[in-house]
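Below, each chain spelled out in residue letters.
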Amino acid sequence: MSSILLVTSSPRGSDSLSNSIASQLAEKFAAQTGGALVRRDLVETQLDHVDGIFTAAIRKPADARTAEETESVVMSDALVAELLAADTIVIGTGLINFNIYSSLKSWIDHVARAGLTFTYTENGPVGLAKGKKAYLVLAAGGVYSSGPGAPMNHAVPYLKTVLGFLGIDLVETVYVEGLAYGPEAAEKAVAAAQAKVVELAQAA
């Protein structure tokens, strides 16, 4: 059975369009494929920032870790397992200060693990999370998919770089943008994003 991993990061909960549109997309994939939908809300799951104990732990074999080090990677191990088990990953984030939410960055820090999701070889790093497709849902007050704002959009290039490093090269993006330009513009932005969701779900 296929598995869809939905990762949402907005602190706005049900008022968040990145959460809402990402959820709609993941639910459509699950309904269409009959796959299991795993939800990881990064507001409900408060991840620790990487610290010295964690970084020491991930550089050791499991049986060489102290009890404290072992405890520090429990959640990380669970998140890595979710990622590796998924065939499809849907990630929702707002654009904040031209990049992703810090909660999503913490998730990346927990799942980008040498020996688990990537490895170093004599020819350079190789991703170990191959054979998956990822979908990004980015909500923004301005327009950052093209035009003058595009160079300030560090979120999508960053996420594509990280996912590619992990071996996930097939990445589609759904923009929900121009939301600060008035009710009519916001309504059009949501409608366009929802139409894109239907298109992507049908093509999957």
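A quick note: this is a predicted structure, and the numbers were derived from the prediction, not measured. (Residues numbered from 1 in each chain as written. Predicted model: local features only at pLDDT ≥ 70, side-chain atom pairs only at ≥ 80, totals over all residues. Heavy atoms only, no water.)

## Some details on the packing of helix α5 (residues 102–111) against helix α6 (residues 155–165)
Heads up, the condition is: To get an axis, a line is fitted to the C-alpha atoms, and for a helix only the part in contact is used. The angle between two axes follows their N-to-C directions and goes from 0 to 180 degrees. Runs of E in the DSSP output that reach at least two residues are strands. Runs of H or I that reach at least four are helices, and both are numbered from the N terminus. Comment on the angle field: the value is read as roughly parallel under 35 degrees, roughly antiparallel over 145, roughly perpendicular from 65 to 115, and oblique elsewhere. Handedness of a crossing is defined here by the sense of rotation of the near helix relative to the far one, left-handed for an anticlockwise turn of less than a right angle and right-handed for a clockwise turn. Note on contacts: a residue pair is in contact if any heavy atoms of the two residues lie within 4.5 Å. For this classification, the nonpolar set comprises Ala, Val, Leu, Ile, Met, Phe, Trp, Tyr, Cys and Pro, the charged set comprises Asp, Glu, Lys and Arg, and every other residue, Gly included, is treated as polar.
With their axes 12 Å apart at the nearest point, α5 and α6 run at an angle of 15° to one another. With respect to each other, α5 and α6 are oriented roughly parallel. The hand of the α5/α6 crossing is left-handed. Across the interface between the two elements, Leu104, Lys105 and Ile108 from α5 touch Tyr158, Leu159 and Val162 from α6. In terms of residue class, the contact of α5 with α6 is made up of five nonpolar, no polar and one charged.

## Details of the packing of aromatic side chains
Put simply, the rule reads: Aromatic rings from Phe, Tyr and Trp, taking only the six-membered ring of Trp, are treated as a pair when their centres fall within 6.5 Å; an angle between ring planes under 30 degrees marks them as stacked, one over 60 as edge-to-face, and anything in between as tilted. Burial classes follow relative accessibility: with a 1.4 Å probe on protein chains only, a residue under 20% of its type's maximum area counts as buried, one over 50% as exposed, and anything between as partly exposed.
Here the structure, examined in full by the defined rule, presents four aromatic pairs. Ring centres of Phe29 and Tyr135 lie 4.7 Å apart, and the angle between their planes is 45°; this geometry places the pair in the tilted category. Of this pair, Phe29 sits in helix α1 (residues 17–33) while Tyr135 is found in strand β6 (residues 133–139), placing the two residues 106 residues apart along the sequence. You'll find Phe29 and Tyr135 in the same group, each marked buried. A ring pair is formed by Phe118 and Phe165, whose centres lie 4.8 Å apart and whose planes are at 55°; its orientation type is tilted. Note that Phe118 is positioned in strand β4 (residues 118–121) and Phe165 in helix α6, a separation of 47 residues in sequence. The class of Phe118 is buried, set by a relative accessible area of 7%. Residue Phe165 is classed as partly exposed on the basis of its relative accessible area, which comes to 32%. Each member of the aromatic cluster is reached from another via a ring pair, and the members are Phe118, Tyr120 and Phe165.

## A closer look at α5
With seven of its ten residues buried, α5 lies for the most part within the structure. Among all positions of α5, only Ser103, Leu104, Ser106, Trp107, Ile108, His110 and Val111 are buried. In this structure, the buried side of α5 is in contact with β1 (3–8), α2 (52–57), α4 (74–85), β3 (88–94) and α6.

## So, the pairing of strand β7 (residues 170–176)
Convention followed: For two strands to count as paired, DSSP must find a minimum of two bridges between them.
Sheet topology note: the β6/β7 ladder contains seven bridges and is parallel. Pairing of Tyr135 across the sheet is with Glu172, part of β7.

## Quick notes on the packing of α4 against α5
At a closest axis distance of 8 Å, the pairing of α4 and α5 adopts a crossing angle of 85°. With respect to α5, the element α4 is oriented roughly perpendicular. Contacts between α4 and α5 involve Ser76, Leu79, Val80 and Leu83 from the first element and Trp107, His110 and Val111 from the second. Here the residues of the contact of α4 with α5 are counted per class, giving five nonpolar, two polar and no charged.

So yeah, pure geometry; function would need other evidence.
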